[in-house]
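# Reading the structure
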Amino acid sequence: MTKTAKDLLEFWEDQMKLSHTSSNYFFRKSPSHYHMMLLVMHAYKYKENLTVEELKTKLFKTSRPKSALMINEACEKGFFFLEKTSGDQRKKHIKPSESFIEEFNRYLETLKNLSF
């Protein structure tokens, strides 16, 4: 096995050891979970405000109740948090937590360094 293939295998095994606490595990539960992560991180990167309702609408092939459950679970696990808007207290923006941003950046950096 080549060194890079072994590195990828080791990376995956390390991630699975953290399975129940790792955001990587949570956001790989389903394509919708992964899509939710990408939507939130895209909005964060481009300094866009993404409301919970907009996120529910953008998640394809996911019912609104299922989307709400996914968002609540991500917030409970500390990956995201909700921020009320100053203009309309009913609207809430969804933001990634500082710890999730760090974990996401480490994940991307690790993937960049892996190749075949």
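The rules we used
- Residues numbered from 1 in each chain as written.
- Predicted model: local features only at pLDDT ≥ 70, side-chain atom pairs only at ≥ 80, totals over all residues.
- Heavy atoms only, no water.
- Phe/Tyr/Trp six-rings, centres within 6.5 Å; stacked < 30°, edge-to-face > 60°.
- Helix = DSSP H or I, 4+ residues; strand = E, 2+ residues; numbered from the N terminus.
- Buried < 20%, exposed > 50% of the residue type's maximum accessible area, 1.4 Å probe, protein only.
- Expected span 1.5 Å × (residues − 1).
- Arc of directions from axis to C-beta.
- Contact = heavy atoms within 4.5 Å.
- Polar contact = N/O pair within 3.5 Å; in protein donor to acceptor, adjacent residues only side chain to side chain.

### Things to note about the packing of aromatic side chains
Note on aromatic pairs: each is described by the distance of the centres and the angle between the planes. According to the stated counting rule, one finds 8 aromatic pairs in the structure shown. Ring centres 5.3 Å apart and planes at 55° place the aromatic pair F27 and F100 in the tilted group. Within this pair, whereas F27 is found in the loop between α2 (23–26) and α3 (31–45), its partner F100 is found in helix α6 (residues 98–113), the two being separated by 73 residues in sequence. Its relative accessible area of 1% is what places F27 among the buried residues. On the basis of an interplanar angle of 55° and a centroid distance of 5.9 Å, the ring pair of F79 and F100 is categorised as tilted. Residue F79 is located in the loop between α5 (64–76) and β1 (80–84), and its partner F100 is located in helix α6; the two are separated by 21 residues in the primary sequence.

### Overview of unusual backbone geometry
A positive phi is found at K47, a non-glycine position, where the angle reads about 55°. Topologically, K47 is positioned in the loop between α3 and α4 (52–58). A relative accessible area of 75% means that K47 is categorised as exposed. Phi is positive for K61, close to 55°, though the residue is something other than glycine. Among the structural elements, K61 can be located in the loop between α4 and α5.

### Brief notes about α5
Taking 1.5 Å of rise per residue, 13 residues should cover 18 Å, and α5 covers 18 Å from first to last C-alpha, within 8% of that figure. When α5 is considered as a whole, its buried residues turn out to be S67, A68, M70, I71 and A74. Down the axis of α5, the buried side of the element spans an arc of 165°, and every buried residue falls inside it. Projecting away from the buried face of α5 at angles above 90 degrees are the exposed residues P65, L69 and E76. Those residues of α5 hidden inside the fold are in contact with α2, α3, α4, β1 and β2 (92–96). Two or three places before K66, at the opening of α5, S63 has a side-chain oxygen 3.2 Å from that residue's backbone nitrogen. Taken from the residues just after α5, G78 is the one with a positive phi, measuring 85°.

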